[in-house]
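Residue-level structural notes
These are the residues of each chain, in order.
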Amino acid sequence: MSDTLTHTSSNPVAAWVQQALAAWQGGQRQDALAFLRQAHAHAPGDAEIEANLARVELGVGLVEVARHRAANLALKLPQAQALEHELAQAYLAMARPPALAGRFYAGDAAQLAHDVDAALAQATAGQAPLADTPPKVLVLPHAGHVYSGGMAAQGYALLRPHLQRIRKIVILGPTHRMAVQGVALPGVGSFATPLGPVEVDSLAAHAVADLPFVVSVPQAHAQEHCLEVHLPFIQRLWAGQDMPRVLPLLVGAVSPEDVALLLARIWGGDDTLILISTDLSHFHPYEQARQMDLATCAQVLALGVGLNHQQACGATPLNAALLQARTRGLQVQQLGYCNSGDTAGNTPEGRQRVVGYASFALYEHVAPSAANGLDAQAGAQLVQLARRGLHLATASEPVPAPEVVALSAPGASFVTLTQAGQLRGCIGSLQAHRALHEDVLANAQAAALKDPRFAPVTAQEAPTLGVEVSVLTAPEPLPFANESHALWQLQPHVHGVIFSCEHEGRAYRSTFLPQVWAQLPDPRKFMAQLKRKAGLPADHWSDAVRLSVYRVQKFTEVDHAA
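Every value quoted in this text rests on a predicted model; they were computed, and no experiment measured them.

Rules used throughout
- Residues numbered from 1 in each chain as written.
- Predicted model: local features only at pLDDT ≥ 70, side-chain atom pairs only at ≥ 80, totals over all residues.
- Heavy atoms only, no water.
- pLDDT = per-residue confidence, 0-100.
- Contact = heavy atoms within 4.5 Å.
- Core = buried A, V, L, I, M, F, W, Y, C linked by side-chain atoms within 4.5 Å.
- Buried < 20%, exposed > 50% of the residue type's maximum accessible area, 1.4 Å probe, protein only.
- Helix = DSSP H or I, 4+ residues; strand = E, 2+ residues; numbered from the N terminus.
- Pairing = 2+ DSSP bridges.
- Expected span 1.5 Å × (residues − 1).
- Polar contact = N/O pair within 3.5 Å; in protein donor to acceptor, adjacent residues only side chain to side chain.
- Salt bridge = Lys/Arg side-chain N within 4 Å of Asp/Glu carboxyl O.
- Phe/Tyr/Trp six-rings, centres within 6.5 Å; stacked < 30°, edge-to-face > 60°.
- Lys NZ or Arg CZ within 6 Å of the ring centre and 35° of its normal.
- Axes fitted to C-alpha atoms, helices over the stretch in contact; angles between N-to-C directions.
- Disulfide = S-S within 2.5 Å.
- Parallel < 35°, antiparallel > 145°, perpendicular 65-115°, else oblique.
- Left-handed = near helix turned anticlockwise from the far one by under 90°.
- Nonpolar A, V, L, I, M, F, W, Y, C, P; charged D, E, K, R; others polar.

Averaged over all residues, the pLDDT of the protein equals 91, while 96% of them reach at least 70. Note on residues 1–9: pLDDT under 50 across the span, and 25 contacts to partners over four residues away in sequence or across chains.

Structure (structure tokens):
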């Protein structure tokens, strides 16, 4: 927060700002927050007040709210981009240090990497997965790696073929060290292990922060092991690749039904993995524990809710996942079972008090994507058809008509023209309303002559332009609870997005193809430009906003060059 603040706003607002500054300098951070909130409520357009409010929110641990505020302010005011960068750096610097290194797993980075890699290599020889798709939910244990690391690796090994697909991971585990009412956000920017930092998914955190049972409690995470022990597996799996975004959540005193509501919100698409961290029975003799745990495993396999905390310390998030699994028709596969008496506790004394460990994978039925419905020959015909439309529109050298019999089904397409890699025209259809070959031909001609952003293409230009055809799947509505939730659900480089909104008696609409993510990879900036394209301010949001997403199959002349 700035040492000096000057404002020309009303006296009450200026007084609140000065009181906030005095409170901040006196270490009364909550009072500073209250004063600035009052000032912002009475002067919502004052950028300096909002900037300082974001800094104070970060300072009191409301990191998700602070980053959201700074990002939105930067969209409105270019000069606020420095604030966004400042808070982003401060956010990442708020790191939770490793609490269990050297105890639950190796404290040396090289040794830890070796141990995790060895566990994953051994697990790869396990049973075949239930489906070719990535699991939607993994249920994995969270004891020290010498006890349950091999069992956890059984689940992680399933992810190897899907590392490029999985971009978001939500981890839920039970509180062991500190009582929490509700579900605790981490309230930090990253979790550190000897292998380096794991950035917390602030967009996901803000997407669920408005749920009444979600709280930000960094101190609950400080010494908790049930989340930290999983991070080295994630780090080693994605070593040398782009890490997925990770949201670690601690589940305290809250109903499984509430946690199921949270899971429903962050269920995501095929790019999202839900990880439930739980051990099974605790501190019973070996055979007694085994019988108890096998009964628990049978209940999980039957998607039977109602597990208690004597059966599984993570019973609450596990019951929530099972509720969602039943609702969504997931299939479950048990990957293995053991207890501490089978691993590092395999001694007569150790078998007197064991902890049970099991791994499960739950799979969602995934319908075949229509985005991959055309083969290379059909793609080449579409590109040739678009080239023919371009040349017909500009009266340039004619292009032979391709065979179109196989392209007679209704279809929606966009045709994009480029000149030396720069956009020269783009027109398309969002809904199928004519045969695909007719749609491509018409859109190619419209892209050449009717894109209002460009002058019509000339006959001399036409042969020099690049042609790209995108065939769209049917748009699907994207339900969301708030703007951050909407942004979090978007899949960069996969989703095309349709934005629509009624505002002050007018209808606004725009779309971006998935190809636009290459220029705007950040979801906030992507959405901001989509709003601007529709004719609205970059920070506009209201209950009237509607979003739909679609996928495309893209074909270019380069794809089919000899």
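Further remarks concern the nonpolar core. By size, the foremost hydrophobic cluster in this structure holds 120 residues, and its most contacted members are Tyr-156, Leu-172 and Leu-262. Counting residues per element, this core draws most heavily on helix H13 (residues 315–328), which supplies six residues. Those residues in contact with Leu-262, other than ones at most four positions away along the chain, are Leu-172, Val-183, Val-208, Leu-211, Phe-213, Val-214 and Leu-249. In this structure, Leu-407, Leu-436, Val-467 and Val-471 belong to the second largest nonpolar core, which totals 22 residues.

Where strand E17 (residues 496–503) meets strand E19 (residues 546–550), five bridges bridge the pair, whose relative direction is antiparallel. The residue of E19 that forms the bridge with Val-497 is Val-549. Summarising the sheet, E17 and strand E18 (residues 506–512) pair through seven bridges and their orientation is antiparallel. Within E18, the position partnered with Val-497 by the bridge is Phe-512. Between E17 and E18, which pair antiparallel one after the other, the connecting turn spans two residues, and Glu-504 there sits at a positive phi close to 50°.

Of all seven residues in strand E3 (residues 168–174), seven are buried, a share of seventy percent or more. Of the two faces of E3, the one lined by Lys-168, Val-170, Leu-172 and Pro-174 and the one lined by Ile-169, Ile-171 and Gly-173 are each fully buried. Relative to strand E8 (residues 245–251), E3 runs parallel, the two sharing seven bridges. Among the inter-strand pairings, Gly-173 is bridged to a residue of E8, identified as Leu-250. Inspection of the sheet shows E3 paired to strand E9 (residues 272–277) by five bridges, in the parallel sense. Its bridge partner being in E9, Ile-171 is matched across the sheet by Leu-275.

With that settled, the discussion passes to helix H17 (residues 523–534). Taking 1.5 Å as the rise per residue, H17 with twelve residues should run 16 Å; its terminal C-alpha atoms sit 16 Å apart, in good agreement. On its buried face, H17 sits against helix H4 (63–76), helix H8 (202–208), helix H16 (483–489), E17, E18 and E19. Measuring from the backbone nitrogen of Arg-524 back to the side-chain oxygen at the start of H17 gives 3.0 Å, which picks out Asp-522 as the cap. Phi turns positive, to about 105°, at Gly-535, one or two residues after H17.

Within this structure, the stated rule accounts for 15 salt bridges. With a closest N to O distance of 2.9 Å, Asp-270 and Arg-165 form a salt bridge. You can see Asp-270 sitting in the loop between helix H11 (256–265) and E9 and its partner Arg-165 sitting in the loop between helix H7 (145–156) and E3, a full 105 residues away along the chain. Asp-270 is the partner of Arg-551 in a salt bridge, and the nearest nitrogen-oxygen pair spans 3.7 Å. Placement of Arg-551 in the loop between E19 and strand E20 (552–556) and of Asp-270 in the loop between H11 and E9 is noted, with a sequence separation of 281 residues between them. The exposure class assigned to Asp-270 is partly exposed, which follows from its relative accessible area of 31%. Through salt bridges with shared partners, a single network forms among Glu-50, Glu-57 and Arg-69.

Each aromatic ring pair is characterised by the separation of its centres together with the angle its planes make. With the rule as written, the count across this model stands at four aromatic pairs. Note on Phe-512 and Phe-526: the rings are 5.4 Å apart at their centroids and 70° apart in plane angle, and the pair reads as edge-to-face. Separated by 14 residues along the polypeptide, Phe-512 in strand E18 and Phe-526 in helix H17 bring together distant segments of the chain. Across this residue pair, the class does not change: Phe-512 and Phe-526 are buried. Within the aromatic cluster, the residues linked to one another by ring pairs are Phe-512, Trp-517 and Phe-526. Between Arg-29 and the ring centre of Trp-24, over which it is positioned, the NZ or CZ distance is 4.6 Å. Just above the ring of Tyr-286 sits the side chain of Arg-351; from NZ or CZ to the centre is 3.9 Å.

Another point: the sheet that holds E18. The four strands lie next to each other as E16-E19-E17-E18, forming an open sheet whose pairing is antiparallel. Only two strands of the sheet have a single partner each, and these edge strands are strand E16 (476–477) and E18. Taken together, the two bridges between E16 and E19 define a ladder with antiparallel strand orientation. Opposite Pro-477, over in E19, you have Ser-548 as the bridge partner. Contacts from H17 reach E17, E18 and E19, with the element oriented near 130° to E18.

Read across the open sheet, the three strands follow the order E1-E5-E6; overall the sheet is mixed. Taken across any chain shown, the strands that pair with only one partner, and hence form the sheet edges, are strand E1 (95–96) and strand E6 (196–199). One ladder, built from two bridges, connects E1 with strand E5 (residues 190–193); its direction is parallel. Across the sheet, the residue bridging to Ala-95 is Ser-190, located in E5.

In total, this model carries zero disulfides according to the counting rule given. Between Cys-297, a cysteine without a disulfide, and Cys-338, which holds the nearest cysteine sulfur, the sulfur-to-sulfur distance is 10 Å. Of the residues examined, Cys-338 reaches a relative accessible area of 10% and is grouped as buried.

Two elements in contact, helix H1 (residues 11–25) and helix H2 (residues 29–42), have axes whose closest approach is 8 Å; the angle formed by their N-to-C orientations is 160°. Our classification of the angle between H1 and H2 gives roughly antiparallel. In this structure, H1 meets H2 at a crossing whose hand is left-handed. Contacts between H1 and H2 pair Val-13, Trp-16, Val-17, Gln-19, Ala-20, Ala-23 and Trp-24 from the former with Arg-29, Asp-31, Ala-32, Phe-35, Leu-36, Gln-38, Ala-39 and His-42 from the latter. Among the residues making up the contact of H1 with H2, the classes are represented as ten nonpolar, three polar and two charged.

On to unusual backbone geometry, then. Its identity as a non-glycine residue notwithstanding, Leu-303 has a phi of 55°, on the positive side. With respect to the helices, strands and loops of the structure, Leu-303 is situated in the loop between helix H12 (286–301) and H13. Look at Leu-303 and you get buried, because its relative accessible area is 13%. Non-glycine residue Glu-504 carries a positive phi angle of around 50°. Since its relative accessible area comes to 73%, Glu-504 is described here as exposed.

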